Amino acid sequence: MARVASAIAVGGILLFGSSGCRKEAGPPRWDVDLLAPLVNTSLTLNDVIADSLLVTGTDGALTLLYRTELFGVRLDTLLQVPDTGITYNYVLPIPGPLFFAAGALLPTDEDATSLDLEDVQLRTLAIRSGTLQVDLTNMIASGITGTFALPGGTFNGQPVAVQGVVPAGSPLNPSFTPLTRDLAGHWFDLRGPDLDQVNALSSQITIQLDPNGAGANVTNLDSVKAVATYTDIVPQFAEGYFGNRTEQVGPENTAVDLFDRITDGLLDIDHVEARLRITNGVGADLRIRIHELVSENTRTGTSVPLVHPIVGSPINLTRALDLGGSFQSTAWSTTLDPGNSTIAAFVENLPDRLRYAVDLELNPLGDISNGHDFLYHESAVSAQLELEMPLRLIATDLTVESIATPDLPGSEEAHGLTDGTLSLIATNGFPFRARLLLDILDADDQVVGSIPVVGEVASGEVDPDGLVRDPVRSVCTASLTPQQVDLLYAEPRLRIRAVFNTADQAQHLPLMAHYRLDLQVVAGVNYVVNGDE
Amino acid sequence: MSERLPALALALALPLLSFAQDLLPTGDAAQRDRVEVRGGFAYDANTLLNELVLDLTQGGFVERDVRERSQAALRSNNRLGQVLQLGVHAVFGDSILGRAGLKVMISATHQDQAGLRFRPDVYALTFFGNAGFAGQRADLSGSAFEQQRYQTLGAGLYHARSGSWVRLDVVKGQSWTAVHLEDATLFTAADGTRIDLRLHGTYRSSDTARSDLGAFNGLGAAISFAQRFSLPTRNGSAAHRITLGAQDLGAVRWNDRALRSGPDTAFTYDGITVDDVFDLTGAITGEEQLLDTFGVRPSAAAAWRLLPLHAWAEHSVTWPTGWRMDLRIAQRALPGFIPFAQLTGWRRFGAQAVGISAQYGGFGGLRAGVHGRFRITRWLGAELQLPNLYGLTGPRARGLAAQVGLVFIP
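Criteria and cut-off values
- Residues numbered from 1 in each chain as written.
- Chains lettered and ligands numbered in written order.
- Predicted model: local features only at pLDDT ≥ 70, side-chain atom pairs only at ≥ 80, totals over all residues.
- Heavy atoms only, no water.
- Helix = DSSP H or I, 4+ residues; strand = E, 2+ residues; numbered from the N terminus.
- Buried < 20%, exposed > 50% of the residue type's maximum accessible area, 1.4 Å probe, protein only.
- Contact = heavy atoms within 4.5 Å.
- Areas by Shrake-Rupley, 256 points an atom, 1.4 Å probe, with all protein chains shown as cover.
- Salt bridge = Lys/Arg side-chain N within 4 Å of Asp/Glu carboxyl O.
- Pairing = 2+ DSSP bridges.
- Axes fitted to C-alpha atoms, helices over the stretch in contact; angles between N-to-C directions.
- Phe/Tyr/Trp six-rings, centres within 6.5 Å; stacked < 30°, edge-to-face > 60°.
- Lys NZ or Arg CZ within 6 Å of the ring centre and 35° of its normal.
- Arc of directions from axis to C-beta.
- Parallel < 35°, antiparallel > 145°, perpendicular 65-115°, else oblique.
- Nonpolar A, V, L, I, M, F, W, Y, C, P; charged D, E, K, R; others polar.
- Left-handed = near helix turned anticlockwise from the far one by under 90°.
- Patch = residues over 30% accessible without salt bridge, like charges linked within 9 Å, V, L, I, M, F, W, Y side chains within 5 Å.
- Polar contact = N/O pair within 3.5 Å; in protein donor to acceptor, adjacent residues only side chain to side chain.
- pLDDT = per-residue confidence, 0-100.

### Some points on the overall build of chain B
In terms of regular secondary structure, chain B is built from five helices and 25 strands. The buried share of chain B, taken over its 410 residues, is 54%. Considering only contacts within chain B whose residues lie at least 6 apart along the sequence, 67% involve residues at least 24 apart. With the model as given, the accessible surface of chain B reaches about 17100 Å², and the carbon-plus-sulfur share is 61%.

### Regarding the overall build of chain A
A count of helices and strands for chain A gives five helices and 37 strands. Buried residues in chain A amount to 50% of all 533 residues. Approximately 23000 Å² of chain A is accessible, and the part contributed by carbon and sulfur atoms is 50%.

### Some details on the pattern of salt bridges
Working definition: two side chains of opposite charge can pair if their charged atoms are close together. Residue and element names in this part refer to chain A. Counted according to the given criterion, the structure contains 47 salt bridges over all chains. Between Arg469 and Glu461 there is a salt bridge, with the nearest N and O atoms lying 2.6 Å from each other. Judged by relative accessible area, Glu461 falls into the partly exposed class, the value being 35%. Shared partners join several salt bridges into a network, and the residues in it are Arg67, Glu273, Arg275, Glu386 and Glu388.

### Comments concerning the sheet that holds strand β23 (residues 330-336) of chain A
Residue and element names in this part refer to chain A. On the basis of which strands lie adjacent, the open sheet formed by five strands has the order β2-β3-β26-β17-β23 and antiparallel pairing. Edge positions in the open sheet fall to β2 (54-56) and β23, since each of these has one partner strand only. Strand-to-strand twist across the sheet, computed as the mean angle between neighbouring axes with direction ignored, equals 20°. Bridge count between strand β17 (residues 273-280) and β23: seven bridges; the pairing is antiparallel.

### Re the packing of aromatic side chains
Inspection of the entire model under this criterion finds 14 aromatic pairs over all chains. Measuring from centroid to centroid gives 5.9 Å for Phe430(A) and Tyr515(A), while their planes differ by 75°, and the two rings are edge-to-face. You can see Phe430(A) sitting in the loop between β28 (417-428) and β29 (432-441) and its partner Tyr515(A) sitting in the loop between β36 (509-510) and β37 (517-529), a full 85 residues away along the chain. On the basis of an interplanar angle of 45° and a centroid distance of 4.7 Å, the ring pair of Tyr123(B) and Phe127(B) is categorised as tilted. Taken together, the positions of Tyr123(B) and Phe127(B), both in helix α4 (residues 120-128) and four residues apart, correspond to about one turn of that helix. An aromatic cluster of three or more residues is present, and its members are Trp187(A), Phe237(A), Phe327(A), Phe374(A) and Tyr376(A). Positioned above the aromatic ring of Phe155(A) is the side chain of Arg181(A), whose terminal nitrogen or guanidinium carbon lies 5.9 Å from the ring centre.

### Quick word on the environment of Leu487(A)
Residue and element names in this part refer to chain A. Mapping Leu487 onto the fold places it in helix α5 (residues 482-490). Sequence-wise, Leu487 and Leu441 are 46 residues apart; in three dimensions their C-alpha atoms are separated by 9.5 Å. In this structure Leu487 touches Ile440, Val448 and Gly449, once residues within four positions along its chain are discounted.

### Topic: α5(A)
Buried within α5(A) we find Gln484(A), Val485(A), Leu488(A) and Tyr489(A). Down the axis, α5(A) shows its buried residues gathered within 140° of arc, on one side only.

### A closer look at the packing of helix α3 (residues 64-72) of chain B against α4(B)
All names here are of chain B. The N-to-C vectors of α3 and α4 enclose an angle of 175°; their axes lie 11 Å apart at closest approach. Classed by the angle they form, the pair α3 and α4 counts as roughly antiparallel. Where α3 abuts α4, its residues Arg64, Arg67, Glu68, Ser70 and Gln71 lie against Tyr123, Ala124, Phe127 and Phe128. Residue composition of the contact of α3 with α4, by class: four nonpolar, two polar and three charged.

### Quick notes on the packing of helix α2 (residues 50-58) of chain B against α3(B)
Residue and element names in this part refer to chain B. Look at α2 against α3: their axes get within 8 Å of each other, and the N-to-C directions meet at 135°. Accordingly, the angle class assigned to the pair α2 and α3 is oblique. When the axes of α2 and α3 are compared, the crossing they make is left-handed. In contact with Glu51, Leu52 and Asp55 of α2, α3 contributes Val66, Arg67, Arg69 and Ser70. For the contact of α2 with α3, a count of residues per class yields two nonpolar, one polar and four charged.

### Remarks on a nonpolar patch on the surface
All names here are of chain B. A contiguous nonpolar surface patch, about 550 Å² in accessible area, is contributed by Trp319, Trp323, Met325, Leu327, Ile329 and Leu343. Residue contributions to the nonpolar patch peak at four residues, all from strand β19 (residues 323-332). Counting through the fold element by element, Trp323 comes out in strand β19.

### Quick look at the side chain of Asn526(A)
All names here are of chain A. The topology assignment puts Asn526 in strand β37. One polar contact links Asn526 to Asp31, side chain to side chain, over a distance of 3.1 Å. Once you skip the residues sitting within four places of it in the chain, Asn526 turns out to touch Asp31, Val32, Asp33, Gly416, Leu417, Thr418 and Asp419.

### Brief notes about unusual backbone geometry
Positive phi values are uncommon outside glycine, yet Asp397(A) reaches one of about 50°. Looking at where Asp397(A) falls in the secondary structure, it is placed in strand β27 (residues 392-404). With relative accessibility at 34%, the residue Asp397(A) sits in the partly exposed group. Look at Asp248(B): it is not a glycine, yet its phi comes out positive at around 60°. Along the chain, Asp248(B) turns up in strand β12 (residues 239-254).

### Things to note about the confidence of the model for chain A
Regions with low pLDDT carry predicted coordinates that are not meant to be interpreted in detail. Model confidence for chain A is summarised by a mean pLDDT of 87, while 95% of its residues fall at 70 or above. For the stretch residues 1-23 of chain A, pLDDT sits under 50, and the model shows 62 contacts to residues farther than four places along the chain or on other chains.

### Regarding the pairing of strand β34 (residues 472-480) of chain A
Residue and element names in this part refer to chain A. Here β28 pairs with β34 via nine bridges, running antiparallel. Counted as the bridge partner of Thr427 is Arg473 from β34. Direction of pairing for strand β31 (residues 453-454) relative to β34: antiparallel, over a ladder of two bridges. Bridging across to β34, Val454 finds its partner in Thr477.

### Concerning the confidence of the model for chain B
All names here are of chain B. In the predicted model, chain B carries a mean pLDDT of 86, and the fraction of residues at 70 or more is 87%. For residues 1-27, every residue scores under 50 in pLDDT, and the model assigns this stretch 98 contacts once sequence neighbours within four places are set aside. Among the scores for the predicted complex, ipTM is 0.81 and pTM is 0.70.

### Side note on the environment of Ala112(A)
All names here are of chain A. Tracing the sequence through the fold places Ala112 in strand β6 (residues 109-114). Once the C-alpha coordinates of Ala112 and Pro193 are considered, the two residues, 81 residues apart in sequence, prove to be 7.7 Å apart. The residues touching Ala112, leaving out its near neighbours within four places in the chain, are Pro193, Ala200, Leu201 and Ser202.

See below:
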């Protein structure tokens, strides 16, 4: 608005206000009455609902197609490899001293440590990421070479070993060398040395005195210690028997953004259909039980549970198919409609989140794969809810809200804008009429003032088929008093709410792709030139 | 208001057209070395009332009735302008390069000159806004404004016998603003949904970062001169003298930070287009968008501009009886300034002279004034001119003009 004023008054400021001395009264000020369009915009359904969610039929009628993941169970729920440590400690079994020549080998230690995987019995594990750290401590008066081999491990088909040199040390002043190895891409056979175990992580530690040294006298106070730690292991692939166990998922919430802009009101839809599709990417049979699926509107505090035979009943999914390096998920789906469920009320609740509680039972029939359950890093059990809703509806006081921070000229202390009238000129092609509510909010979203709006946006002219034949033009006005203007400067947040009602409250009216609402905001204000200074 | 008016006039005002005249009473020898100090301000308007201009000058809120009274006085073409000039001029010496009677002239001045012509719709839009034009077209065409502030430092030659002189000045440009609306109309729809703007014009300005007295935004040069001819006379008859003169015939090159915008466009404005109706934040004023929409975003480049040349011709007739008559025609290169004519009658009383004048044109209409030139001591002369007595009669008069000057004769 300031620029409109300036554009009109620029000549005057230059021409009439440029000369002479000015006293303490400041620059000359005078009030002008300005009338100018401010904002020009239009509203289509695409402004309310993303294009990707709308499907236009051959007759131009719109259908809403909304997909959301209801829940997903991923690798970290199905399989977690804990950090695992292995300690090797060599101490002379007699008091000594006993001389060990240069290059002498201390007794080799070979061990198979069991990974703590609870009910999971793994035979093979491929690692996507993780680290092996070996800390070597030497108290012998000779340098040593430590070799930490992983007999069950391969990397690109080659055996895996970690080797490092530790300088000479003493019991009072041991020397220390840390060794690390990135385990990404490593494969481990977890069946142990005799291939008859599960979860077995084999290791072999060899210590050799420095072949170029002078040897050393070793007593039972001298020792060599190696601590190997596997950390942050993320599997890329695992095979074995995953056990017969039940994972509980939820109660948890998943956000629904479909009705984000709607803050209040009732929506009566003509028809809705929903498809629930569950996919199993895990190489193990599953039995899923949905305990609850609830539509929650946190703005109104209303909850509508889904009632359908699937809720509370077991859903069996066969295992995924291993394609050797990848997998093919299996799927299960069912359709919910107003005839077999409460899906209509579920949607009409305008949920902003869905609450669910689900049990997943692995291998309900036991180890029928003979230890060949598998999963990949990408494996997941996922439930997708797909909502298909032809946009034929009855809206009752359906409220859409937006909060704007107007870029007003001047400041709270000095502003040229004193009072005026905002006119909203609407050309409405929707079968809705709309009331506008303007409120001034403080920083805590509390209403500190309201600007009354006179008039309402009239509905488009609806023919007997429920289609809008002609857009209708209407004008709403909002008068801004000086007090309201001051308030707007003090709390510059304006909440604009539009309350929609369909023209015919007894009939579901279709929404067509070409419907639009053209809006223009015109300001007629009193503005004090130089009042912003 | 009524107290402020004469006070301001007496304190600051100078006549528009006095600067090429002799300060000394008629008949004093022009051959004398001297130093002249001049300063003052003059304002004239053909329609606007002084009360409005004074309110604008002094700041504070300009009441609606004040604006309405001036609006009621507007004509189809309205003019106003101001000239503020302060200067020191010295004339001395006996000869230059062996030529007797040639003196050296040295001069330093400060100039602040502005002129405006405008149509009534410009005034109405400026002081009352466009709401009153709902459903109508405001015609702004032909309106123009220019203001130049600059300082000069120069030297020249003064011919003692004839009073002719020529001077070359270096000009320091302080600030410059010029607006010219060649063809401009503004239509406001009755319901405010549309504004149609036709805009063909120019806006020019010196660097806006600094415009105070110390600002050095341009550099130029100017020549000023006055050539006097005495017509042959018989003994005992009246003496006729004709003067042709020009002041500040020159130009300033304003530096490369000078701004220029020359829109030649016609468009309809129906508000800033907002793509997302749910995101109006920042869209209420849309300052940057408006600048682009109106196509008035200026660009920076150096620019040459002529100084507001002041040219005049004067015919003086001096009778042996002590009477004198001056007829002066002048023109200034400023918007709103029309040819100016002034007729002054002088009567000499010893070393003093008083006169009355009638004048028309310039930035104002018909007006009358009084003039006085006084020899206070042997070495000090003074001048007081009040060429617009009507302007001093009250806030609802038009124009303010007075001049004070001192001449020191060693």
